[in-house]
Structures are given as structure tokens and as C-alpha cells.
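The chain contents come next:
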Amino acid sequence: MPAPAGDPQAKERELAAEQGHVDRSYTRLEHMRDEAQALLQQGYRQAQVGTRAALVERDVMVYRAELWARSLDAADDGLVFGRLDQLDGEVRHIGRIGIRDEDSEVLVVDWRAPAAEAFYRATPDDQRGVVRRRVLHCRGRSVVDIEDDLLDPDAAGDMVIVGDGAFIAALSRTRDGSMHDIVATIQREQDEAIRAPIDGSVIVRGGPGTGKTAVALHRVAYLMFQYRRRFGSRGVLVVGPNPRFTAYIERVLPSLGEGGAVLRSLGDMVDGVEAAYHDDAAAARLKGAGSMVHLLRRAVADVPAGAPTEFVIAHRGTRIVLDHKALRRIRREVLAKTRNGPNTARLQVARQILTELWGRLLSRGAGRGEKDSFHEDVAARDEFAAFLRAWWPLQRPVDVLAGLADPERLRRFERDLTPEQVAVLANSWARTARTGEVSFHDVALMDELTGLLGPLPRKRTIAQGNPDEDNPYIVDGRDIFSGETAGRDAPDEISEVTTYADRMAAGRGARRPRDEDEDEQVEYAHIVIDEAQDLTPMQWRMLGRRGMHATWTIVEDPAQSAWEDPSASAAAMAEALRERRRYEFELTTNYRNPVEVADVAARVLVRAVPGARPARAVRSGGERPTVHATAGERTGPVVRKLVRELLETVEGTIGVVTPVGATAELAADLEGMDARVQLMDALDAKGLEFDAAVIVDPRGIVEQSPNGMRTLYVALTRATRLLGVVTADADWTAELLGIEPT
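Note that the structure is a prediction, hence the values are computed from the model and not measured.

**Some points on the side chain of R409**
- The topology assignment puts R409 in helix α17 (residues 407-413).
- In this view, R409 contacts A299, D302, V303, P304, A305, G403 and L404; residues no more than four positions away in its chain are not counted.

**Observations regarding the sheet that holds strand β5 (residues 130-139)**
- Read from one edge to the other, the open sheet built from six strands follows the order β3-β4-β2-β1-β5-β6, with strand pairing classed as mixed. Bordering the open sheet on either side are β3 (99-100) and β6 (142-150), each of which pairs with just one other strand.
- Bridging between strand β2 (residues 91-95) and strand β4 (residues 106-110) involves two bridges; their strand directions are parallel. The partner of I94 across the bridge, within β4, is V109.

**Regarding the pattern of salt bridges**
- In the structure shown here, the tally under the stated rule is 54 salt bridges.
- In this structure, the salt-bridge partner of D148 is R134, at a minimum N-O distance of 2.7 Å. Separated by 14 residues along the polypeptide, D148 in strand β6 and R134 in strand β5 bring together distant segments of the chain.
- Since its relative accessible area comes to 4%, D148 is described here as buried.
- One salt bridge connects E383 with R381, and the closest N-O pair in it is separated by 3.7 Å.
- A relative accessible area of 18% places R381 in the buried class.
- Salt bridges sharing partners connect three or more residues here, namely E117, R121, D126, R128, R188, D191, E192 and R195.

**Description of the packing of helix α19 (residues 440-453) against helix α21 (residues 537-544)**
- Where α19 meets α21, the axes come as close as 9 Å, and the angle between the chain directions of the two elements is 50 degrees. By the angle between their directions, the pair α19 and α21 is classed as oblique. In terms of crossing hand, the pair formed by α19 and α21 is left-handed. Counted together, F440, H441, V443, A444, L445, D447 and E448 of α19 and M538, Q539, R541 and M542 of α21 form the full contact between these two elements.
- Of the residues assigned to the contact of α19 with α21, the class counts are six nonpolar, two polar and three charged.

**With respect to the pairing of strand β14 (residues 526-529)**
- Covered by surrounding structure in β14 are H526 and V528 together with I527 and I529, the residues of both alternating faces.
- Both strand β8 (residues 236-240) and β14 contribute to a ladder of four bridges, which runs parallel. Across the sheet, the residue bridging to V238 is V528, located in β14.
- The parallel pair β14 and strand β15 (residues 551-556), bridged by α21, forms a crossover whose chirality is right-handed.

**Some details on the packing of aromatic side chains**
- Evaluated as defined, the whole model comprises nine aromatic pairs.
- When the centroid spacing of 4.5 Å and the interplanar angle of 25 degrees are considered together, the rings of F311 and F387 count as stacked. In this pair, F311 sits in strand β10 (residues 311-315) while F387 sits in helix α15 (residues 382-391), placing the two residues 76 residues apart along the sequence. For the residue pair F311 and F387, the accessibility class agrees, reading buried in each case.
- In this structure an aromatic cluster arises from ring pairing among F311, F384, F387, W391 and W392.
- Over the ring of W391 we find R331, and its NZ or CZ is 4.4 Å from the ring centre.

**Some thoughts on the side chain of D681**
- Mapped onto the elements, D681 comes out in strand β21 (residues 677-681).
- The side chain of D681 is buried and forms no salt bridge, while R244, the nearest opposite charge, is found at 7.5 Å.
- Of the polar contacts made by the side chain of D681, one reaches the backbone nitrogen of L683; its length is 3.0 Å.
- A polar side-chain atom of D681 sits 3.0 Å from the main-chain amide nitrogen of D684.
- Contacts of D681, omitting those with residues within four sequence positions, involve H278, V657, T658, P659, V660, G661 and T663.

**Comments concerning the sheet that holds β15**
- With parallel pairing, the six strands of this open sheet are ordered in space as β9-β8-β14-β15-β7-β16. Each of the sheet's edge strands pairs with one partner strand only, and the pair in question is β9 (262-265) and β16 (581-587). Between one strand and the next, the sheet's axes are offset by a mean angle of 15 degrees, whatever the strand orientation.
- As defined by bridge partners, β14 adjoins β15 across four bridges and the pair is classed as parallel. Counted as the bridge partner of I527 is W552 from β15.
- Contacts between helix α6 (residues 212-226) and the sheet are confined to β7 (200-206), β8, β14, β15 and β16, with β15 contributing the most and set at about 165 degrees to the helix.
- Set on the sheet, helix α22 (residues 566-577) makes contact with β7, β15 and β16; between it and β15 the angle comes to about 155 degrees.

**Comments concerning unusual backbone geometry**
- Despite not being glycine, S104 has its phi angle at roughly 70 degrees, a positive value.
- Relative to the assigned elements, S104 resides in the loop between β3 and β4.
- Looking at S104, the relative accessible area reads 46%, which means it is partly exposed.
- A positive phi angle is found at R578, which is not glycine, with a value near 60 degrees.
- By the element assignment, R578 lies in the loop between α22 and β16.

**Some words on α6**
- With 15 residues, α6 ought to run about 21 Å at 1.5 Å a step, and its terminal C-alpha atoms sit 21 Å apart, in line with that.
- Taking burial as the measure, the 15 residues of α6 include 13 buried ones, the bulk of the element.

**Some points on the environment of D76**
- For D76, the position within the fold is in the loop between α2 (52-74) and β1 (80-86).
- Given a relative accessible area of 22%, D76 falls into the partly exposed group.
- Sequence separation between D76 and S255 is 179 residues; the distance between their C-alpha atoms is 9.1 Å.
- If near-sequence neighbours (up to four positions away) are discounted, D76 is found in contact with Y26, L29, R33 and R141.
- Among the polar contacts listed, one links the side chain of D76 to the side chain of R141, at a separation of 2.8 Å.

Reading guide: rules and limits
- Residues numbered from 1 in each chain as written.
- Predicted model: local features only at pLDDT ≥ 70, side-chain atom pairs only at ≥ 80, totals over all residues.
- Heavy atoms only, no water.
- Helix = DSSP H or I, 4+ residues; strand = E, 2+ residues; numbered from the N terminus.
- Contact = heavy atoms within 4.5 Å.
- Pairing = 2+ DSSP bridges.
- Salt bridge = Lys/Arg side-chain N within 4 Å of Asp/Glu carboxyl O.
- Buried < 20%, exposed > 50% of the residue type's maximum accessible area, 1.4 Å probe, protein only.
- Axes fitted to C-alpha atoms, helices over the stretch in contact; angles between N-to-C directions.
- Parallel < 35°, antiparallel > 145°, perpendicular 65-115°, else oblique.
- Left-handed = near helix turned anticlockwise from the far one by under 90°.
- Nonpolar A, V, L, I, M, F, W, Y, C, P; charged D, E, K, R; others polar.
- Right-handed = clockwise from strand over helix to strand, strands pointing away.
- Phe/Tyr/Trp six-rings, centres within 6.5 Å; stacked < 30°, edge-to-face > 60°.
- Lys NZ or Arg CZ within 6 Å of the ring centre and 35° of its normal.
- Lys, Arg positive; Asp, Glu negative; His and termini not counted.
- Polar contact = N/O pair within 3.5 Å; in protein donor to acceptor, adjacent residues only side chain to side chain.
- Expected span 1.5 Å × (residues − 1).

Any functional reading would require information that these geometric values do not contain.
Structure follows, in C-alpha cells:
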């Protein structure tokens with residue numbers, strides 16, 4: 001029962017009791033930190049033994065100690081957040097990590113442990129032996145409030161029950177520009193997905209604000225806690241739609257004590273590449289289709305643009321010519337034999353051309369004993385090396401895309417393209433040829449090309465000091481006759497390497513830049529895909545290569561899909577996930593938007609996806625969304641005025657969302673404003689949330705996005721408190737949203 005009205009000190013006594021337990025837990029946490037630092041120092045001292053084995057043992061010890069230290073640091077904020085009073089009298093405090101006292105008595109149960117499951121799963125209808133569930137609200141190390149749920153009134157006796165609404169209070173907190181964990185407020189339907197079995201892939205579906213992303217990240221933390229050997233060794237990859245989104249979520253896993261996951265966006269999946277822009281709808285539709293695979297294969301197999309069409313050389317007065325037919329035959333034969341792409345085949349190319357030249361010279365009466373001297377003569381010539389570089393260049397994926405700016409080549413590679421489609425692709429890749437910039441959809445094509453082309457050889461200096469490409473005897477660092485690596489053998493010694501702790505010292509939780517000579521990890525044990533409904537078949541192929549043996553967590557909302565061929569995307573996803581068991585979950589409650597914002601978004605959802613049902617909003621903000629008509633004014637001043645007003649009433653972040661490609665027009669008007677104001681286009685807003693959102697030109701968002709009305713629906717669901725719309729088309733906007741302009 002609730003705290004008796006005649007005992008006003010009941011809540012204070014409960015707060016004091018909880019504060020005492022929290023204090024003991026923090027004291028023990030400090031002792032554990034000291035132990036972690038001692039283990040870290042012991043690991044470094046291990047290297048003083050001076051043996052190779054000691055260096056390995058040192059790095060293992062340092063790695064483990066640093067992981068432990070990082071998890072302890074992450075646990076400092078909100079160490080204890082829950083309590084379970086059991087029917088058998090046992091009391092369990094739930095927190096970010098497990099803590100035992102010096103006598104091995106449990107002070108805090110890790111939220112991921114089986115003993116904590118009832119904190120998220122118990123209900124009045126399924127009590128799981130729980131009488132009272134309590135949520136502790138802490139500010140720093142101080143308990144400032146408590147909220148109780150009484151699950152078994154018959155067993156409560158004189159137990160004090162305090163407050164109601166802990167969950168709704170947590171939902172209303174101010175945003176600071178990054179996602180926070182929900183470890184203290186995970187709901188039952190979310191927890192079922194988080195703790196799903198590990199023998200398959202998990203698919204989580206739900207509308208905006210249902211906590212899909214948070215569920216996926218907490219599942220990663222759960223898996224790495226329960227099955228660290230399996231998922232910690234080969235790593236976890238988390239993929240979001242854009243860099244803004246990955247920056248938004250990057251604090252969640254470290255706050256849960258798990259900093260080992262790799263965060264990527266679809267625009268930076270290929271090392272050394274970062275997408276610069278979004279394609280328009282026509283280009284995105286073509287680049288995302290699975291038919292791109294055939295076009296790229298033909299482009300890689302074809303003679304590069306600008307390559308010579310014949311090779312002519314003279315030897316002792318005899319002129320030898322390889323015409324375009326002979327060269328094409330040689331190219332086909334070499335490509336048929338190589339399994340690792342043309343970038344690895346220059347040695348075979350050199351040998352094949354020398355063999356072809358010798359055969360022609362032999363047919364003209366040359367003696368067989370002249371073969372070695374002929375090879376040495378031709379291979380030493382500058383024109384031979386120059387021809388090799390021009391006719392069989394080492395190509396990067398971006399070079400191939402730039403070459404596709406030629407409409408004639410495109411038509412030859414893919415005859416099913418219409419003239420209009422050829423023009424769309426050629427114009428898009430002309431930008432790549434001109435500036436080197438690539439789009440988000442180009443990144444998946446570049447990943448495909450990376451596999452088709454094969455790796456570029458690493459440059460190495462040979463014994464004479466000449467670079468590989470300048471010495472005609474050396475192709476890809478090897479002698480073209482013997483195939484042996486040129487240069488001296490490396491000395492028999494161990495090069496000192498940095499430890500895990502050293503690499504993380506520059507910034508905990510940050511993604512470490514890859515060293516030039518370090519191979520990128522290309523396969524992971526578990527892959528998380530957010531906003532999966534937008535993935536194209538080509539993007540699924542890119543991700544599938546990184547999860548050949550992985551389990552997956554797929555987060556999607558079909559109603560938000562920006563890809564117009566769901567059947568092709570579903571087939572590509574099935575191929576990436578392979579024949580693994582699937583566990584599917586649907587989240588039905590909208591925790592983000594107040595009902596006033598959710599109702600407006602639902603009107604657009606009906607137009608975007610007829611028959612779709614929005615998630616149920618559970619709280620009211622009390623403030624109705626507003627529409628502001630520009631009435632012939634420039635849009636910028638109207639937006640600036642509205643944002644200034646919001647800055648005075650909203651403590652957290654304000655997102656200004658524009659049509660694709662329109663942010664530059666507003667940047668000057670918003671320059672110098674509070675850092676809480678974030679400007680982005682509608683595609684970059686996916687997955688984010690703000691205390692207030694300003695939607696600029698909703699009709700432009702519809703008309704300039706790949707899947708317009710759905711994109712507008714997503715933009716309208718970003719606000720956790722206030723929603724404002726600025727439009728030059730007041731009648732259209734009022735009819736669509738059901739709101740008259742102010």
C-alpha cells in the first residue's frame with residue numbers, strides 16, 4: 001500500500017535507507033577501481049621479463065584490466081537504479097554492473113544477469129516472486145527520488161510504497177544531443193527482444209519512438225556480458241544510416257560498460273571513404289538495385305578508359321605488334337585464371353605479354369636460345385613498364401566509378417538501361433570524376449568493386465631503392481620471372497606494438513583510426529543494422545560480406561521505408577542472414593512523441609502507407625504543434641524567429657529539418673545560434689530525436705526525397721515535446737496536417 005498519510009517521514013526514511021546502500025556500493029566500486037589499476041600495472045611489469053611470451057602475456061593482461069577499468073568508470077553514473085523485494089524476503093538491488101562486498105555478498109546485481117530479469121519482466125499478472133519493484137532516481141551519487149510498483153498487494157504487509165510514474169518521468173527528460181541508455185526503464189516488450197536466444201538473428205520492428213535502437217544497443221551489451229568469449233573475440237559491428245546518427249548513439253554502449261563495438265554508418269563502411277551527399281531519387285533507385293553487380297563486373301573486366309589499343313616493340317630490327325584483338329584475348333585469359341581480382345594479376349599480365357611477344361618473334365625465325373635475352377631486353381625497357389601501367393593499371397574503386405561517367409561505356413556494360421537512366425548515372429558519376437566525391441549509395445558499389453578488383457599491393461622499397469612501379473623488372477614487388485619478393489628479408493626480431501590501453505588512451509570509446517598498414521576487420525560475430533527498411537540490395541550485399549558467420553540484430557519500420565522494392569530488399573536480406581533461425585519482435589508503444597505530435601504524424605502516415613497502424617503514444621505534452629506560413633517572406637527569417645522563441649522555452653535540443661539539399665540555404669540564417677540548434681536535411685534526421693523539431697517546407701521534403709511522404713512522416717516524429725512547421729504552402733500543409741497556420 002502507499003506510504004500512510006499520517007507518516008510524512010516514511011518516504012524520507014526509505015530514501016535514507018537506499019542512500020546508505022548506494023554509498024556502500026560506491027565505496028566498493030572505488031576499491032574495485034584500485035584493484036583494476038593494480039592489475040594494469042602488473043601487466044605492464046610483465047614485459048620486463050624480456051621474452052616474446054611475456055610481451056603477449058603483457059598485452060592480454062593489459063587488455064583485460066583496461067576493459068575492467070572502463071566498465072567500472074562507465075558504471076559510476078547511475079550505479080544503482082533498481083530494487084526487487086522478493087516474496088521469500090530476499091532484496092536485490094539492480095545496477096549497471098555486478099558488485100560484491102569483501103565477503104562476497106551481493107551488493108548490486110548486473111542488469112544483464114538472469115537474477116535481474118524480473119526487474120523488467122514482472123507484472124501484476126506475472127509476478128515472478130516479486131512483491132515490490134522500486135526505481136531509484138539518482139543525481140550523481142545521491143538518491144533524490146524513488147518510485148515503487150506494488151505487484152503483490154496480498155504479500156505487502158506494512159511495506160512502504162512510494163510514488164507512481166517513474167517511467168513517464170524518465171521519458172520527459174531533456175535531450176542533450178546524444179542518445180542515453182534506457183537501462184533503468186526497459187519495458188517488458190523491449191526486454192524480451194534484448195534477452196532473445198543467441199542461436200539466431202533478432203528482428204525488431206516498431207514505429208518511431210518505440211525504442212528500437214535502444215533495444216538493439218542494449219542487446220549488444222547483454223550479449224557481450226553473457227557470452228563475452230563468443231562475441232568479444234570477433235567483435236560487434238553497429239551500422240546506422242549516417243554519421244550524424246552514429247555520433248548520436250556512440251555514448252550508449254560505453255555507458256553500459258561495453259566500448260568494444262565498432263560503429264559505422266552506411267556512408268563510411270569502406271575504409272578511407274566517406275560519403276559526401278545523398279543521391280536524388282532516380283540515381284538512388286538505379287545504384288541500389290542488384291543489377292549493379294553485373295554492370296560493375298563488366299566494368300572491371302573491360303579495358304580501362306584511355307588504355308592503349310596496341311603494343312608495338314622492336315627487337316634487333318624486328319617489329320612486333322600486339323593489336324587490340326590480341327590484347328583483348330590476353331585480358332580474357334588472365335582474368336579467367338585470376339581468383340583475386342585484376343589488381344593482383346600484373347605479374348601474370350607481364351608474363352603473358354612477354355610470352356605472346358616471344359611467340360610472334362619465334363614464328364619469324366628467332367632461335368629458341370634467344371628467349372631469356374629477349375625477355376630481359378623487353379622487360380627492362382621503359383616503354384614496357386609504361387604500357388603495363390596504362391593497359392593494366394592498378395585501379396581503386398573510385399577510379400572505376402569515375403570511368404562510368406562515360407555514357408557510351410555505360411550503354412555497353414548494361415544494355416537494359418534506358419537513355420534517361422544512362423544520363424542519370426553518367427551525370428552522377430561525372431561528379432565523382434570531377435571532385436572524387438561519392439554518395440551514400442556509391443559506398444556499397446565501392447565495396448563491391450573492392451572485392452572485384454582485389455587489393456592494391458602495398459608499396460615496398462626493393463634492395464636497389466627503386467619503387468616497384470618504376471622498376472620494369474618488379475611487378476607488385478616481385479621479380480617478373482621468378483615471382484620471388486624483391487628486397488632484403490626482414491630482420492628476425494619483434495617490433496614492439498601498442499597495447500589495447502595505449503590505443504584507447506587518446507579517447508575512450510572513440511573509434512581508433514586505422515593504421516595504413518593495418519588490415520581492416522571484415523567479419524564480425526554480431527552485426528546490428530538500424531533503419532534496415534531503407535537498405536538497398538547492394539547495401540545488403542555489402543553488409544553480408546561482413547557477417548558471413550554472424551548473428552544479427554535487425555531494426556526496422558516498414559512504414560518508414562525509403563526503398564521502393566521491398567521484395568528485392570527482403571531477398572537480399574535473406575541472403576545476407578543466410579539460413580539462420582529468426583526471432584521477431586514488434587514494439588507497439590511510442591515512448592518518444594507526446595500524443596499531440598503523434599496525432600499529427602499519424603495523419604501523414606495514413607497518406608504515406610494506407611492501412612498502417614501507428615504506435616500508441618503514452619504521454620501528453622499539452623502543447624499543440626504549430627504551422628507558420630511565410631506569406632511571401634523568405635523562409636530563413638521565419639525559421640530564425642521561431643527557433644529563437646523555442647530557445648527561450650525549451651531547455652534541450654532543437655532540430656531544424658529541411659528538404660534534401662536545402663540546408664545550405666538556411667545555414668546563414670541560423671549562423672551564430674546556440675549550439676543546441678542542429679540543422680540537417682530530412683534523410684539525415686532519421687533515428688534522431690530532439691526536444692523541439694522545426695520542419696521546414698514539408699512539401700519540399702515530400703517532393704525532393706526518394707520516398708517523399710514517408711520521409712515527411714519520419715521528420716514529424718523527431719520531437720519529444722514541441723513541433724513547429726514552416727511552410728510557403730499554407731493550404732496544402734493545413735489540409736495534410738490538420739493544423740491551421742498561426
